[in-house]
Amino acid sequence: MTKKNYQEINQQQLALNKQFKAHSSDTLSAFGQLHRAAMAEGDLDVKTKELIALGIGIAARCDGCIGAHVAAALKHGATKQECVETINVAVLMGGGPSLIYGSQALEAVEQLSEA
């Protein structure tokens, strides 16, 4: 199996989002507004919210979500161990498929920690 490159996945997704925005700017703008509102600092800090999003991304089997939320969680101070514990909960909730994507998420943590 070829390793996924999460820096490339993140860059490709940003480019695809820009292309999509050219065709549906209202939808992408509305999603961006929802994202900013949901991820705003509140009773939960941004790091915690990004770890929750990572767990959901694993359970949903979304490479782009994993890449984006690992990068954001690390940016907001998440440690490798916090990411591993998030992966553990995702595996608990999502079973075998989450184990596969959880191990890939750990690879994303490794790759994006070095960036």
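Just so we're clear, the structure is a prediction, and the values are computed from it rather than from any experiment. (Residues numbered from 1 in each chain as written. Predicted model: local features only at pLDDT ≥ 70, side-chain atom pairs only at ≥ 80, totals over all residues. Heavy atoms only, no water.)

Undergrad: Even after reading the chapter, I still don't get the overall build of the protein chain, so can you show me in this structure?
TA: When helices and strands are tallied, the protein chain shows five helices and zero strands. Tracing the protein chain from N to C terminus, the helices and strands come up as α-α-α-α-α. What you see for the protein chain is a C-alpha radius of gyration of 14 Å, in line with the 13 Å of a compact globule of 115 residues. Along the longest, intermediate and shortest principal axes, the C-alpha atoms of the protein chain span 40 × 35 × 30 Å. Looking at the protein chain as a whole, 33% of its 115 residues are labelled buried. Long-range contacts, defined here as pairs at least 24 residues apart, represent 67% of the contacts in the protein chain between residues at least 6 apart. Accessible area of the protein chain: about 7200 Å², with a carbon and sulfur share of 58%. Seen as two clouds, the 10 positive and the 12 negative side-chain charges of the protein chain have centres 5 Å apart. (Helix = DSSP H or I, 4+ residues; strand = E, 2+ residues; numbered from the N terminus. Rg over C-alpha atoms; globule rule 2.2 N^0.38 Å. Buried < 20%, exposed > 50% of the residue type's maximum accessible area, 1.4 Å probe, protein only. Contact = heavy atoms within 4.5 Å. Areas by Shrake-Rupley, 256 points an atom, 1.4 Å probe, with all protein chains shown as cover. Lys, Arg positive; Asp, Glu negative; His and termini not counted. Charge placed at Lys NZ, Arg CZ, Asp CG, Glu CD.)

Undergrad: I tried to follow the pattern of salt bridges on my own but got confused; where do I start?
TA: Side chains bearing opposite charge may pair, as long as their charged atoms lie close to each other. This model, assessed by the stated rule, comprises four salt bridges. Residues Glu110 and Lys80 are paired through a salt bridge, measuring 2.5 Å at the closest nitrogen-oxygen approach. Look at Glu110 and you get partly exposed, because its relative accessible area is 29%. (Salt bridge = Lys/Arg side-chain N within 4 Å of Asp/Glu carboxyl O.)

Undergrad: Mind showing me how you'd approach the environment of Val91 here?
TA: Its place among the elements puts Val91 in helix H5 (residues 80-114). Taking C-alpha positions, Val91 is 7.5 Å from Ala59, a pair spaced 32 residues apart along the chain. Other than its neighbours up to four places away in sequence, Val91 contacts Ser98 and Leu99.

Undergrad: I tried to follow the packing of helix H3 (residues 46-59) against H5 on my own but got confused; where do I start?
TA: The geometry of a pair of packed helices is captured by two quantities: the angle between their axes and the separation between those axes. Packing of H3 against H5 brings their axes to within 8 Å, and their N-to-C directions diverge by 15 degrees. Comparing the axis directions of H3 and H5 gives the class roughly parallel. Both H3 and H5 take part in a crossing whose hand is right-handed. In this structure, H3 uses Lys47, Leu51, Leu54, Gly55, Ile58 and Ala59 to contact H5, whose residues at the interface are Glu82, Cys83, Thr86, Ile87, Ala90, Ser98, Tyr101, Gly102 and Ala105. Of the residues contributing to the contact of H3 with H5, the split by class is nine nonpolar, four polar and two charged. (Axes fitted to C-alpha atoms, helices over the stretch in contact; angles between N-to-C directions. Parallel < 35°, antiparallel > 145°, perpendicular 65-115°, else oblique. Left-handed = near helix turned anticlockwise from the far one by under 90°. Nonpolar A, V, L, I, M, F, W, Y, C, P; charged D, E, K, R; others polar.)

Undergrad: So what exactly am I meant to see when it comes to unusual backbone geometry here?
TA: Glycine aside, negative phi is the norm for most residues, and most peptide bonds take the trans geometry. Of note, the phi angle at Arg61 is positive, near 60 degrees, even though the residue is not glycine. Summarising the element assignment, Arg61 is placed in the loop between H3 and helix H4 (63-75).

Undergrad: How do you make sense of a nonpolar patch on the surface when you look at a structure like this?
TA: On the surface, a cluster of nonpolar side chains totalling about 270 Å² of accessible area is made up of Leu44, Ile52 and Ile56. Structurally, the position occupied by Leu44 is in the loop between helix H2 (25-39) and H3. Judged by its relative accessible area of 40%, Leu44 is partly exposed. (Patch = residues over 30% accessible without salt bridge, like charges linked within 9 Å, V, L, I, M, F, W, Y side chains within 5 Å.)

Undergrad: Where do I start with the UniProt feature "domain: Carboxymuconolactone decarboxylase-like" (unreviewed entry) in the protein chain in this structure?
TA: If you check UniProt for "domain: Carboxymuconolactone decarboxylase-like" (unreviewed entry), the listed places come out as residues 26-107 in our numbering. With 84% helix and 0% strand, the stretch residues 26-107 has end C-alpha atoms that lie 34 Å from each other. (UniProt positions renumbered as here; feature names shortened; annotations may be inferred.)

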